[in-house]
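# Structure assessment
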Amino acid sequence: LTRVKTQSYTEADGIRGALEKIAKLRVDHPDDLDPSEFGPQAVADFIQIARMVTYSDMANRRHNPGRALRRNLARMLESVEAMVACKERFGLEFGEVQAEVGDARDLGPVGLQDGAVDAIVTSPPYSIALDYVKNDAHALEALGCDLGGLRQRVIGVRGKGTRNRLSNYVADLKASFREMARVLKPGGRAVVVIGNATVNKREVATTEEMVGWAEEVGLDLERQMPKIVYGLYNVMADEKILFFVRRQ
């Protein structure tokens, strides 16, 4: 996902050409596509993510596999082309991206030292309102992931019962903020997108508590902005973008 979101623009022509080839094929199911057959890694990654999104559409929304796949490929291409157009219109130069798999609660293993980071942009899980493993189970299984192992590690999912999961969530988020404060340079910024979730028909005041957790470890709230929520009205009323600055 990270590679597709940050690097697809470099292969926009190749992606467009791959989609033209796919349009000429009889593709009735994501299983009918082998991403490795469509050129460079960025193109293969793009097709792979479209397949994973389609698996979720099939499982959660009962969408027709072929139509859902074609729609997802087209919509994703629109986003890539919009990014290319934006880059050209405003004369932007994008930096290099290195994607690493790590743990927000302990960033040491991926090589992030104390005070090494200028800025962080992140969106933590919305308390325990959404079971991320269950929600994306079909896509994760298609990628060969161990769902049981993920369930023991993923923030907002691990634990049994509402009380235990909430307790684990709070501990995990506090650990994540400690790591953000540790790796940020003094004066560095952390931008966090979060919102209050509804759990068992009760709103969990994640946003307000999060500001307190951040300030405890040296991240001061600089400002906040409202953000409209699309698609998660059953678990989220609204979101906020919180801007923190690392204390000097």
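A quick note: this is a predicted structure, and the numbers were derived from the prediction, not measured. (Residues numbered from 1 in each chain as written. Predicted model: local features only at pLDDT ≥ 70, side-chain atom pairs only at ≥ 80, totals over all residues. Heavy atoms only, no water.)

## Considerations on a nonpolar patch on the surface
Heads up, the condition is: To count toward a patch, a residue needs a relative accessible area over 30% and no salt bridge; like charges are then connected within 9 Å, while nonpolar side chains (Val, Leu, Ile, Met, Phe, Trp, Tyr) are connected within 5 Å. To be clear on the numbers: accessible area is Shrake-Rupley with a 1.4 Å probe, and residue cover counts the displayed protein chains and nothing else. Salt bridges are defined by distance alone: a side-chain nitrogen of Lys or Arg within 4 Å of a carboxyl oxygen of Asp or Glu. By definition, any uninterrupted DSSP run of H or I lasting at least four residues is a helix, any uninterrupted run of E lasting at least two residues is a strand, and each is numbered from the N terminus. Each residue is assigned to one of three classes by its accessible area relative to the maximum for its type, calculated with a 1.4 Å probe on protein chains only: buried under 20%, partly exposed between the two thresholds, exposed over 50%.
A contiguous nonpolar patch, built from F90, L92 and F94 and spanning about 260 Å² of accessible area, is present on the exposed surface. Locating F90 in the fold gives a position in helix α4 (residues 65-90). Classification of F90 by relative accessible area gives exposed; the value is 52%.

## Here's the deal with the sheet that holds strand β6 (residues 239-246)
Short version of the rule: One requirement defines pairing of two strands: DSSP has to find at least two bridges between them. Note on definitions: angles span 0 to 180 degrees between N-to-C directions of axes, and those axes are lines fitted to C-alpha atoms, for helices only across the stretch in contact. Pairs of residues are marked as contacts when any of their non-hydrogen atoms sit within 4.5 Å.
Strands sit in the order β1-β2-β6-β5 across an open sheet of four strands; the sheet is mixed. The sheet is open, and its two borders are formed by β1 (117-122) and β5 (219-227), each paired with just one other strand. Between one strand axis and the next, the sheet turns through 10 degrees on average, direction left out of account. Inspection of the sheet shows β1 paired to strand β2 (residues 184-194) by five bridges, in the parallel sense. Paired with I120 across the strands is A190, a residue of β2. This element, helix α8 (residues 162-183), spans β1, β2, β5 and β6 of the sheet and lies at about 145 degrees to β2. Relative to the sheet, helix α9 (residues 206-216) contacts β2, β5 and β6, its axis offset from that of β6 by approximately 5 degrees.

## Things to note about the pairing of β6
With six of eight residues buried, β6 is to be regarded as a mostly interior element. With six bridges joining them, β2 and β6 adopt antiparallel strand pairing. Within the sheet, the bridge partner assigned to A190 lies in β6 and is F244. With eight bridges connecting them, β5 and β6 associate as antiparallel partners. Opposite P226, over in β6, you have K240 as the bridge partner.

## So, the packing of α8 against α9
Where we set the bar: For classification, angles of less than 35 degrees are called roughly parallel, those exceeding 145 degrees roughly antiparallel, those between 65 and 115 degrees roughly perpendicular, and all remaining angles oblique. Crossing handedness is defined as follows: a turn of the near helix away from the far one that is anticlockwise and smaller than a right angle gives a left-handed crossing, while the clockwise case is right-handed.
Where α8 meets α9, the axes come as close as 9 Å, and the angle between the chain directions of the two elements is 45 degrees. One element, α8, and the other, α9, form an angle in the oblique class. Crossing of α8 over α9 shows right-handed handedness. Packed against α8, whose contacting residues are Y169, V170, L173, K174 and F177, the element α9 presents T206, M210, W213 and A214 at the interface.

## Quick word on the environment of E78
Summarising the element assignment, E78 is placed in helix α4. Among the residues examined, E78 registers a relative accessible area of 53% and is labelled exposed. Sequence-wise, E78 and P109 are 31 residues apart; in three dimensions their C-alpha atoms are separated by 36 Å.

## Topic: the side chain of R51
Here R51 shows up in helix α3 (residues 41-61). When near neighbours in sequence (up to four residues on either side) are disregarded, R51 contacts P30, D31, L33, P35 and L69.

## Quick look at the nonpolar core
Note the following rule: Nonpolar core, defined: a set of buried Ala, Val, Leu, Ile, Met, Phe, Trp, Tyr and Cys residues in which side-chain atoms within 4.5 Å join the residues together.
By size, the foremost hydrophobic cluster in this structure holds 24 residues, and its most contacted members are I120, L173, F177, I194, M210, L219 and F244. Those elements that provide at least two residues to this core are β1, α8, β2, α9 and β6. The element contributing the most residues to this core is α8, with seven residues. Ignoring anything within four residues of it in the chain, the contact list for F177 reads V192, M210, W213, A214, V217, L219 and F244. Grouped together as the second largest cluster of nonpolar side chains are 19 residues, I49, L73, L77 and V80 included.

As far as function goes, none of this settles anything; it's purely spatial.
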